[in-house]
Amino acid sequence: MALLRSVVLAGGGTGGHIYPLLAFADALRRTFPEVRITTLGSPKGMENDLIPPAGYDLRVIPAFQLPRTVNLDLIRTPDRMYRSAHAAGKVIDEVQANVVVGFGGYVSVPAYLAAWRREMPIVIHEVNVPPGVANRMGMKFTKNVAVGFPHQPKQAESLRDARVVGVPLRTAIARMDRAAVRPQALAQFGLRPDLPVLFVSGGSSGARTINLAVASAAKKLAHAGIQVLHVRGGRNEEFEVPSDLPVPYVVVPYLSDMQLGYAAADLMLCRGGAITVAETTAIGMPAIYVPYPHSNQEQKRNALPVVEAGGGLLVDNAELTSEWIERTVIPLARDGQRLRQMSAAAAAYGRPDGDEALLDFVCEAVAQR
Ligand SMILES: CC(=O)N[C@H]1[C@@H](OP(=O)(O)OP(=O)(O)OC[C@H]2O[C@@H](n3ccc(=O)[nH]c3=O)[C@H](O)[C@@H]2O)O[C@H](CO)[C@@H](O)[C@@H]1O
């Protein structure tokens with residue numbers, strides 16, 4: 001009998017939890033086409049925009065957020081948690097799931113709780129240090145913990161025994177032949193093939209500091225012959241870019257086909273979200289990382305090993321100014337040889353097979369039952 005029969009995947013909130021879930025779902029469908037795949041999401045997370053178009057069954061269960069401080073919400077929490085876990089359990093029973101795989105985000109907690117009550121195998125995939133709150137709770141119910149990066153077990157006690165599997169990445173990104181896709185990508189964005197392209201992205205929600213700093217350097221970049229492809233990000237307001245620039249500066253709100261951005265780019269300027277770092281390294285993209293400063297240094301921890309390996313640069317959020325861009329980004333974007341070296345170093349650190357490695361780990365966890 002097949003090992004995997006019906007799999008429930010839980011993860012939500014931002015792109016950082018949902019894209020690995022989707023990439024894993026794709027690997028599952030590719031390898032075991034007969035397995036039933038069901039995803040659990042919360043009512044307002046980005047999963048509602050991303051999962052149904054990818055062709056997967058999304059079941060929305062009542063929202064439940066762990067309060068970060070001691071307040072009145074703490075009193076209401078058990079009741080909300082019970083309602084969410086009950087809803088997750090109903091889905092698990094209906095689809096007769098035989099394993100739950102969670103990627104973090106609040107919606108994973110009720111899934112872990114419901115699976116634990118049913119004594120089902122649970123697998124957790126975690127990409128951050130420190131691990132997210134939801135996955136930390138989940139770790140009370142299972143020892144099957146997989147992580148995205150080799151630094152994680154060394155830096156977090158709770159991840160000491162975790163298996164390093166890499167991050168499941170969309171195949172369109174991880175297995176892309178950048179040189180082959182580049183002409184189409186440049187044409188799509190109206191970019192020229194004879195000048196370098198700086199690709200700017202603040203992660204799945206965008207980053208105000210990055211947006212304002214790069215836009216304020218637009219003239220300097222353009223006069224240095226550097227084209228810009230700038231993803232503004234969903235929640236970020238407009239910013240001004242001069243309209244009379246001598247070379248293209250293209251602003252897009254969000255890229256569903258992120259691989260086209262990567263294919264067009266020679267250099268990236270981005271936050272240090274775990275999935276972003278996994279993607280840039282898997283494809284050997286030289287990058288300047290500007291870690292989000294308000295999250296326990298987690299993004300700095302993601303980017304630092306890549307930078308130490310020679311695959312990128314790191315700059316503090318507060319230091320990213322128009323002058324810094326002029327001093328550092330412009331010479332780098334024009335230095336093809338250095339970019340090639342950084343690309344090779346990034347690629348040596350990255351891995352494109354996280355989807356399959358996690359699938360192996362899930363199969364092992366189910367087989368051990
Ligand atoms: C501020 C914050 O707390 N950020 C966290 C959040 O980041 P965030 O949600 O930004 O996630 P990541 O940077 O890890 O990944 C962003 C994902 O969005 C995709 N993308 C982005 C822009 C776009 O236009 N199109 C597109 O497809 C990227 O290709 C990538 O797959 O989750 C990560 C993974 O848990 C954490 O490491 C980050 O610290």
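Only a predicted model underlies this, so the values are computations on that prediction, with no experimental measurement involved.

Reading the values: the criteria
- Residues numbered from 1 in each chain as written.
- Predicted model: local features only at pLDDT ≥ 70, side-chain atom pairs only at ≥ 80, totals over all residues.
- Heavy atoms only, no water.
- Helix = DSSP H or I, 4+ residues; strand = E, 2+ residues; numbered from the N terminus.
- Rg over C-alpha atoms; globule rule 2.2 N^0.38 Å.
- Buried < 20%, exposed > 50% of the residue type's maximum accessible area, 1.4 Å probe, protein only.
- 1 Å grid on protein atoms, 1.4 Å probe; cavity = no way out; pocket = protein on both sides within 12 Å on 5 of 7 lines; lining within 4 Å.
- Points joined across faces, edges and corners; volume = space filled by probe spheres on them.
- Near = heavy atom within 4 Å.
- Polar contact = N/O pair within 3.5 Å; in protein donor to acceptor, adjacent residues only side chain to side chain.
- Areas by Shrake-Rupley, 256 points an atom, 1.4 Å probe, with all protein chains shown as cover.
- Nonpolar A, V, L, I, M, F, W, Y, C, P; charged D, E, K, R; others polar.
- UniProt positions renumbered as here; feature names shortened; annotations may be inferred.
- Contact = heavy atoms within 4.5 Å.

With that settled, the discussion passes to the overall build of the protein chain. A count of helices and strands for the protein chain gives 16 helices and 13 strands. The C-alpha atoms of the protein chain give a radius of gyration of 21 Å, which matches the 21 Å a tight globule of 369 residues would have. In terms of principal-axis extent, the alpha carbons of the protein chain reach across some 65 × 50 × 35 Å. For the protein chain, the residues scored as buried account for 58% of the 369 residues in total.

A separate point is unusual backbone geometry. A cis amide bond, omega 0 degrees, links Val129 with the succeeding residue Pro130. By secondary structure assignment, the location of Pro130 is in the loop between β5 (122-126) and α5 (133-138). Notably, Gln96 is not glycine yet its phi reads approximately 50 degrees, a positive angle. Look at Gln96 and you get exposed, because its relative accessible area is 54%. The phi torsion at Glu119 lies on the positive side, around 55 degrees, for a residue other than glycine. When you line up the elements, Glu119 lands in the loop between α4 (108-117) and β5. Glu119 gets classed as exposed once you look at its relative accessible area, which sits at 65%.

If you add up the space inside the second largest pocket, you get close to 390 Å³. Taken together, 19 residues line the second largest pocket, and the ones lying closest to its centre are Tyr19, Leu50, Arg170, Tyr254 and Ser256. Elements with a minimum of two residues in the lining of the second largest pocket: α1 (15-31), α2 (47-50) and α7 (171-174). When residues in the lining of the second largest pocket are grouped by element, the largest group, 3 residues, is from α1.

The immediate surroundings of the ligand are formed by 24 residues, with Asn128, Ile275, Thr276, Glu279 and Glu298 found nearest. At 2.9 Å, a backbone N or O of Ala274 approaches an oxygen atom of the ligand. Protein contact buries 89% of the 760 Å² of open area that the ligand shows by itself. Of all elements in the fold, only α1, α12 (274-282) and α13 (298-308) reach the threshold of two or more residues within the shell around the ligand. The class makeup of the residues in the shell around the ligand is 9 nonpolar, 12 polar and 3 charged.

Let's shift gears to the UniProt feature "binding site: UDP-N-acetyl-alpha-D-glucosamine" (unreviewed entry) in the protein chain. Here the UniProt feature "binding site: UDP-N-acetyl-alpha-D-glucosamine" (unreviewed entry) sits at Thr14, Gly15, Gly16, Asn128, Arg170, Ser204 and Gln299. The subset of these annotated residues that lines the second largest pocket comprises Arg170 and Ser204. Within the element layout of this structure, Gly15 appears in helix α1. Those residues in contact with Gly15, other than ones at most four positions away along the chain, are Pro20, Met46 and Ser204. In this structure, Gly16 sits in helix α1. Contacts of Gly16, omitting those with residues within four sequence positions, involve Ser204 and Ile275.

Structurally, Glu47 can be placed in helix α2. Overall, the relative accessible area of 0% leaves Glu47 in the buried class. Among the polar contacts listed, one links the side chain of Glu47 to the backbone nitrogen of Gly13, at a separation of 2.9 Å. Not counting the four nearest positions on each side in its chain, Glu47 is found in contact with Gly11, Gly12, Gly13, Ile18, Gly41, Ser42, Pro52 and Leu58.

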